[in-house]
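Here is what each chain is made of, one letter per residue.
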Amino acid sequence: MKLTKLSGPDCDNDDCAAVFISDRKTIVVQGDGVSHADGLRLGVGEQAVEISADLLREALNALGG
């Protein structure tokens, strides 16, 4: 899989939340891990990350949505 990183707002380094668009037209997110939150139920092998709504909107716009 090949990823293209979208530039997130207010992030000038590589260690903050980010969204990537893959060559398969999927979204890959990088952010702070969330393991315990009301309503969150993770399955085996699943992980949850937190990103801003603005960054998610940017990803959707990049996909044409």
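Placed above this text is the structure.
Residues numbered from 1 in each chain as written. Predicted model: local features only at pLDDT ≥ 70, side-chain atom pairs only at ≥ 80, totals over all residues. Heavy atoms only, no water.

> Could you give an account of the sheet that holds strand S1 (residues 3-6), with specific residues and numbers?
Taken together, the 3 strands give an open sheet; going across it, the order is S1-S2-S3, and neighbouring strands pair in antiparallel fashion. This sheet does not close on itself; its edge strands, each paired only once, are S1 and strand S3 (27-30). Between one strand axis and the next, the sheet turns by 30 degrees as a mean value, whatever way the strands run. In the sheet, S1 pairs with strand S2 (residues 18-22) via 4 bridges, with the strands oriented antiparallel. Within S2, the position partnered with lysine 5 by the bridge is phenylalanine 20. In the packing of helix H1 (residues 53-62) onto the sheet, contacts are made with S1, S2 and S3, and the angle to S2 comes to roughly 15 degrees. (Pairing = 2+ DSSP bridges. Helix = DSSP H or I, 4+ residues; strand = E, 2+ residues; numbered from the N terminus. Axes fitted to C-alpha atoms, helices over the stretch in contact; angles between N-to-C directions. Contact = heavy atoms within 4.5 Å.)

> Any details on the pattern of salt bridges? Residues and values, ideally.
All chains considered together, the criterion is met by 1 salt bridge. The partner of arginine 57 in a salt bridge is aspartate 54, and the shortest N-O contact between them spans 2.6 Å. Of this pair, arginine 57 and aspartate 54 both sit in helix H1, 3 residues apart, roughly one helical turn. On the basis of relative accessibility, which here comes to 47%, the residue aspartate 54 falls in the partly exposed class. (Salt bridge = Lys/Arg side-chain N within 4 Å of Asp/Glu carboxyl O. Buried < 20%, exposed > 50% of the residue type's maximum accessible area, 1.4 Å probe, protein only.)

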